[in-house]
Amino acid sequence: MAVTDRSREQRAHQLVAAAARYGATTEELRAVERQRDAGVAFPDSRDALAARAARPLDQQAVPAAMRWRWRPCAPSR
(Lines give C-alpha, C1' and ligand atoms only; values in the text may rest on other atoms or scores of the structure.)
Protein backbone atom coordinates (compact mmCIF):
# COMPACT_ATOMS: atom_id res chain seq x y z
CA MET A 1 0.00 0.00 0.00
CA ALA A 2 2.94 2.36 0.50
CA VAL A 3 3.43 2.61 -3.26
CA THR A 4 -0.26 3.43 -3.77
CA ASP A 5 -0.19 6.05 -1.03
CA ARG A 6 2.94 7.62 -2.50
CA SER A 7 1.35 7.68 -5.97
CA ARG A 8 -1.74 9.42 -4.57
CA GLU A 9 0.43 11.99 -2.78
CA GLN A 10 2.44 12.65 -5.94
CA ARG A 11 -0.73 13.03 -8.00
CA ALA A 12 -2.20 15.42 -5.45
CA HIS A 13 1.03 17.44 -5.49
CA GLN A 14 0.99 17.55 -9.32
CA LEU A 15 -2.64 18.70 -9.34
CA VAL A 16 -1.88 21.53 -6.92
CA ALA A 17 1.13 22.59 -9.00
CA ALA A 18 -0.92 22.46 -12.23
CA ALA A 19 -3.68 24.55 -10.67
CA ALA A 20 -1.10 27.13 -9.58
CA ARG A 21 0.38 27.31 -13.10
CA TYR A 22 -3.09 27.66 -14.61
CA GLY A 23 -4.00 30.38 -12.13
CA ALA A 24 -0.81 32.27 -12.95
CA THR A 25 -1.77 32.43 -16.64
CA THR A 26 -5.40 33.46 -16.16
CA GLU A 27 -4.89 37.07 -17.27
CA GLU A 28 -2.87 36.00 -20.30
CA LEU A 29 -5.59 33.54 -21.28
CA ARG A 30 -8.24 36.23 -20.94
CA ALA A 31 -6.22 38.57 -23.15
CA VAL A 32 -6.02 35.89 -25.85
CA GLU A 33 -9.75 35.24 -25.54
CA ARG A 34 -10.45 38.97 -25.96
CA GLN A 35 -8.30 39.01 -29.10
CA ARG A 36 -10.09 35.98 -30.51
CA ASP A 37 -13.46 37.57 -29.75
CA ALA A 38 -12.26 40.65 -31.62
CA GLY A 39 -11.55 38.49 -34.68
CA VAL A 40 -7.79 38.06 -34.38
CA ALA A 41 -7.16 34.54 -35.73
CA PHE A 42 -3.60 34.25 -34.42
CA PRO A 43 -2.95 36.44 -31.39
CA ASP A 44 0.80 35.71 -31.47
CA SER A 45 3.25 38.06 -33.11
CA ARG A 46 4.62 37.19 -36.54
CA ASP A 47 7.95 36.30 -34.93
CA ALA A 48 6.26 33.93 -32.47
CA LEU A 49 4.33 32.25 -35.28
CA ALA A 50 7.50 31.86 -37.35
CA ALA A 51 9.31 30.32 -34.37
CA ARG A 52 6.42 27.95 -33.72
CA ALA A 53 6.34 26.89 -37.38
CA ALA A 54 10.12 26.41 -37.53
CA ARG A 55 10.31 24.21 -34.43
CA PRO A 56 8.88 21.02 -36.02
CA LEU A 57 11.08 21.56 -39.06
CA ASP A 58 14.18 21.92 -36.90
CA GLN A 59 13.26 18.76 -35.00
CA GLN A 60 12.67 16.91 -38.28
CA ALA A 61 9.09 16.19 -37.23
CA VAL A 62 7.70 17.16 -40.64
CA PRO A 63 7.95 14.69 -43.54
CA ALA A 64 10.37 15.80 -46.23
CA ALA A 65 7.58 15.83 -48.83
CA MET A 66 5.81 18.60 -46.91
CA ARG A 67 8.82 20.84 -46.28
CA TRP A 68 8.77 22.54 -49.66
CA ARG A 69 5.43 24.17 -48.79
CA TRP A 70 6.68 26.06 -45.75
CA ARG A 71 8.37 29.41 -46.20
CA PRO A 72 9.23 31.49 -43.16
CA CYS A 73 7.57 34.87 -43.03
CA ALA A 74 9.66 37.96 -42.78
CA PRO A 75 10.28 39.04 -39.18
CA SER A 76 8.05 41.84 -37.99
CA ARG A 77 9.59 45.21 -37.48
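Everything below is about the structure shown above.
Residues numbered from 1 in each chain as written. Predicted model: local features only at pLDDT ≥ 70, side-chain atom pairs only at ≥ 80, totals over all residues. Heavy atoms only, no water.

1. Observations regarding the overall build of the chain
Selection criterion: Secondary structure elements follow DSSP: runs of H or I of four or more residues count as helices, runs of E of two or more count as strands, with numbering from the N terminus. Only protein chains enter the accessibility calculation, which uses a 1.4 Å probe; a residue whose area is less than 20% of its type maximum is buried, one above 50% is exposed, and one in between is partly exposed. Here the Shrake-Rupley method, with its probe set to 1.4 Å, supplies the accessible areas, and only the displayed protein chains count as covering residues.
The helix and strand inventory of the chain stands at 4 helices and 0 strands. Secondary structure elements of the chain, listed N to C terminal, follow the sequence α-α-α-α. Counting only residues that meet the buried cut, the chain has 3% of its 77 residues in that class. A total of about 7,000 Å² of accessible surface is found on the chain, and carbon and sulfur atoms cover 55% of it.

2. Quick notes on the pattern of salt bridges
The cut-off we apply is this: The term salt bridge refers to a side-chain nitrogen of Lys or Arg lying within 4 Å of a carboxyl oxygen of Asp or Glu.
One pass over the full model with this rule turns up 2 salt bridges. One salt bridge connects arginine 8 with aspartate 5, and the closest N-O pair in it is separated by 3.8 Å. Here arginine 8 and its partner aspartate 5 are both found in helix α1 (residues 2-24), 3 residues apart, which amounts to about one turn of the helix. Judged by its relative accessible area of 35%, aspartate 5 falls in the partly exposed class.

So yeah, pure geometry; function would need other evidence.
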